[in-house]
Amino acid sequence: MPRLFTGLEIPSQTGLMLSMLRGGLRGARWIDPENYHITLRFIGDIDDRTADEIADALDRVRRKPVEIRLTGLGSFGNGKPHAVWARVEPTPELNELQAEQERIIQRLNLPPERRKYMPHVTIARCRTSSNEDVAKWLSERGNFQAPPFVAGRFVLFSAKASVGGGPYLVEEAYPLAA
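Just so we're clear, the structure is a prediction, and the values are computed from it rather than from any experiment.

Lay out the overall build of the protein chain with the relevant residues and their values.
From N to C terminus, the protein chain includes 4 helices and 10 strands. Reading the protein chain from its N end, one meets helices and strands in the order β-α-β-β-α-β-β-β-α-β-α-β-β-β. By principal-axis analysis of the C-alpha atoms, the protein chain measures approximately 45 × 35 × 25 Å. Across the 178 residues of the protein chain, 46% fall into the buried class. Long-range contacts, defined as pairs at least 24 residues apart, comprise 79% of the intrachain contacts of the protein chain with a sequence gap of at least 6.

Okay, structure coming up:
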């Protein structure tokens with residue numbers, strides 16, 4: 001039973017810049033640069049037949065390439081931080097690509113995503129980091145910016161059931177072309 005999600009890959013140069021942020025945060029488990037990505041839609045654990053249906057439906061997506069800008073850093077967690085990430089500037093093109101995938105997944109009778117879409121690149125999972133640790137780390141690095149890049153495809157990733165962070169495998173790739 002594969003665990004699937006769709007996403008955008010991060011170019012190696014951008015990944016290198018993100019990897020330079022590693023360190024200095026007590027209790028963090030850093031994501032390996034080759035596993036950096038921008039999730040579009042987490043699908044979850046599904047059977048092989050449904051995975052094939054999803055892969056086929058995604059093949060019908062027709063969108064232009066999307067410009068991606070990483071600006072700033074942040075954290076997730078209500079009361080206790082559980083991840084730190086680089087912010088992806090939301091654009092209409094990115095939001096439309098994500099929304100189309102959400103509709104496709106729901107048409108295949110999978111449950112809707114409950115959370116509002118907030119594009120980001122997770123760079124670390126916070127196991128035992130305190131709010132103070134994360135706030136200090138963010139204040140020291142919070143003005144992070146990377147040169148923009150163009151995502152020319154989106155991919156269907158698979159992941160092993162784990163606590164997150166990879167390794168992720170590209171199962172299918174879908175070009176973004178005019």
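I'd like a description of the packing of aromatic side chains, backed by residues and values.
Applying the stated rule across the entire model yields 6 aromatic pairs. An aromatic cluster of at least three residues, connected via ring pairs, comprises Phe5, Phe157 and Tyr168.

With reference to specific residues and values, describe the layout of surface pockets.
If you add up the space inside the second largest pocket, you get close to 220 Å³. Lining of the second largest pocket is provided by 13 residues; of these, Arg41, Phe42, Ile43, Pro111 and Glu113 occupy positions nearest its centre. Its residues assigned to classes, the lining of the second largest pocket shows 7 nonpolar, 1 polar and 5 charged.

Conventions adopted
- Residues numbered from 1 in each chain as written.
- Predicted model: local features only at pLDDT ≥ 70, side-chain atom pairs only at ≥ 80, totals over all residues.
- Heavy atoms only, no water.
- Helix = DSSP H or I, 4+ residues; strand = E, 2+ residues; numbered from the N terminus.
- Buried < 20%, exposed > 50% of the residue type's maximum accessible area, 1.4 Å probe, protein only.
- Contact = heavy atoms within 4.5 Å.
- Phe/Tyr/Trp six-rings, centres within 6.5 Å; stacked < 30°, edge-to-face > 60°.
- 1 Å grid on protein atoms, 1.4 Å probe; cavity = no way out; pocket = protein on both sides within 12 Å on 5 of 7 lines; lining within 4 Å.
- Points joined across faces, edges and corners; volume = space filled by probe spheres on them.
- Nonpolar A, V, L, I, M, F, W, Y, C, P; charged D, E, K, R; others polar.

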